[in-house]
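# Secondary and tertiary structure notes
What follows is each chain in one-letter form.
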Amino acid sequence: MLLTVDVGNTNITLGLFQGNEVFVTFRITTQAARTSDEYGSMIAEMLVRKGIKVKEVEDVIIASVVPKVMYSLNSGIIKYFGIQPIVVGVGTKTGIRINRTDPREVGADRIVDAVAAYELYGGPCIVIDFGTATTYDLISEQGTFEAGVTSPGIQISAKALWDGTAKLPEIEIRKPESILGKDTISSMQAGIVYGYIGQTEYIVNRMKEESGIKNIKVIATGGLGRVIYENTDCIDVYDNQLTLQGMRIIYEKNKKTYEDR
């Protein structure tokens, strides 16, 4: 089995693959202060609780946007699984060409999402990842990463609202029955959710307009993205396993190289 590890700013999402399908997923919070033993034992125990033996994991691939956790995470996997993890980065074959001023600035998460969207759904496409930050990336018909937009994530935006005001409470982020809020909580929910729907639609439409590319498929993933997807026509597909699938595809593209390590 292949274990894929998506290290985000808020959570680490792990997916275990049997062939091309995700067999099981689980999450842990991203904390730089954890030791290698904490990471290794935690991941191993979660697998065991799912009825999976540690020795059934044959390889591990990591895509990370949090450098501070990598030493402990890498060491933990080596110590508890006896596997040298594969880390998506410079030199990794992806099949995606990056047409940016500095290709090294593009995060591993965005590359992985781009690979999955292009390989699974084709190009041209716009990939939206509703994570800690929300990213919008344009992939051409030929599989070139052409451009991207980065905005504060839904949770960050909401947290800024209640942290920056004395009387507004922390609330659940969900779509209220009406945009016409009759109380503080529903008015906040309306502003956050409908406001983010509006942002998503504007950015997608502007990217389509400025690129001049027609028939662009829009694929979304991540966190609270389903709430947006269910309330707009500008997103064609919501795939909550997109990032994990991207890591699997990259692993397959580099499998022979990894086997020769």
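So, here is what we can say about the structure in this document. Keep in mind the model is a prediction, meaning the values are calculated, not measured.

### Notes on helix α2 (residues 70-81)
Helix length check: α2 (12 residues) gives 16 Å between terminal C-alpha atoms against 16 Å at 1.5 Å per residue, within 8%. Elements in contact with the buried residues of α2: β1 (2-7), α1 (36-49), β4 (59-64) and β5 (86-87). With its phi angle positive at about 65 degrees, Gly82 sits one or two positions after the end of α2.

### Focus: the sheet that holds β5
Within the open sheet, the 5 strands sit side by side as β3-β2-β1-β4-β5. Their pairing is mixed. Sheet topology places β3 (21-29) and β5 at the edges, where each strand pairs with a single neighbour. Against the sheet, α1 engages β1, β2 (11-18) and β3, with an angle of about 135 degrees to β3.

### Structural notes on the side chain of Asn254
Inspection of the secondary structure puts Asn254 in helix α7 (residues 242-259). For Asn254, the residues in contact, after removing those within four places along its chain, are Thr92 and Lys93.

### So, the environment of Glu210
Along the chain, Glu210 falls in helix α5 (residues 184-211). A polar contact is formed between the side chain of Glu210 and the side chain of Arg206, at a distance of 2.8 Å.

### A closer look at the environment of Ile216
Here Ile216 lies in the loop between α5 and β10 (217-221). For Ile216, a relative accessible area of 7% corresponds to the buried category. Residues Ile216 and Val204, spaced 12 residues apart in sequence, show a C-alpha to C-alpha distance of 9.8 Å. Apart from residues lying up to four places away in sequence, Ile216 is in contact with Pro124, Cys125, Ile126, Leu138, Lys208, Ser211 and Asp236.

### As for the sheet that holds β10
Strand order across the open sheet formed by 6 strands is β6-β9-β8-β7-β10-β11, with mixed pairing between neighbours. Every interior strand has two partners, whereas the edge strands, β6 (97-98) and β11 (237-238), have only one. Here strand β8 (residues 133-139) pairs with strand β9 (residues 144-152) via 7 bridges, running antiparallel. If you follow Thr135 over to β9, its bridge partner there is Thr150. Along the sheet, α5 contacts β7 (125-130), β8, β9 and β10; its crossing angle with β8, the most-contacted strand, is approximately 20 degrees.

### Quick look at the state of the cysteines
The full count for this structure, using the stated rule, is 0 disulfides. Between Cys234, a cysteine without a disulfide, and Cys125, which holds the nearest cysteine sulfur, the sulfur-to-sulfur distance is 14 Å. For Cys234, a relative accessible area of 11% translates into the label buried.

### Focus: the packing of aromatic side chains
Inspection of every chain in the model, using the stated rule, returns 2 aromatic pairs. Between the aromatic rings of Tyr229 and Tyr238, the centroid separation amounts to 6.0 Å while the plane-to-plane angle is 25 degrees, which identifies the pairing as stacked. Among the residues examined, Tyr229 registers a relative accessible area of 28% and is labelled partly exposed. Of the residues examined, Tyr238 reaches a relative accessible area of 14% and is grouped as buried.

Conventions we followed
Residues numbered from 1 in each chain as written. Predicted model: local features only at pLDDT ≥ 70, side-chain atom pairs only at ≥ 80, totals over all residues. Heavy atoms only, no water. Helix = DSSP H or I, 4+ residues; strand = E, 2+ residues; numbered from the N terminus. Expected span 1.5 Å × (residues − 1). Contact = heavy atoms within 4.5 Å. Pairing = 2+ DSSP bridges. Axes fitted to C-alpha atoms, helices over the stretch in contact; angles between N-to-C directions. Polar contact = N/O pair within 3.5 Å; in protein donor to acceptor, adjacent residues only side chain to side chain. Buried < 20%, exposed > 50% of the residue type's maximum accessible area, 1.4 Å probe, protein only. Disulfide = S-S within 2.5 Å. Phe/Tyr/Trp six-rings, centres within 6.5 Å; stacked < 30°, edge-to-face > 60°.

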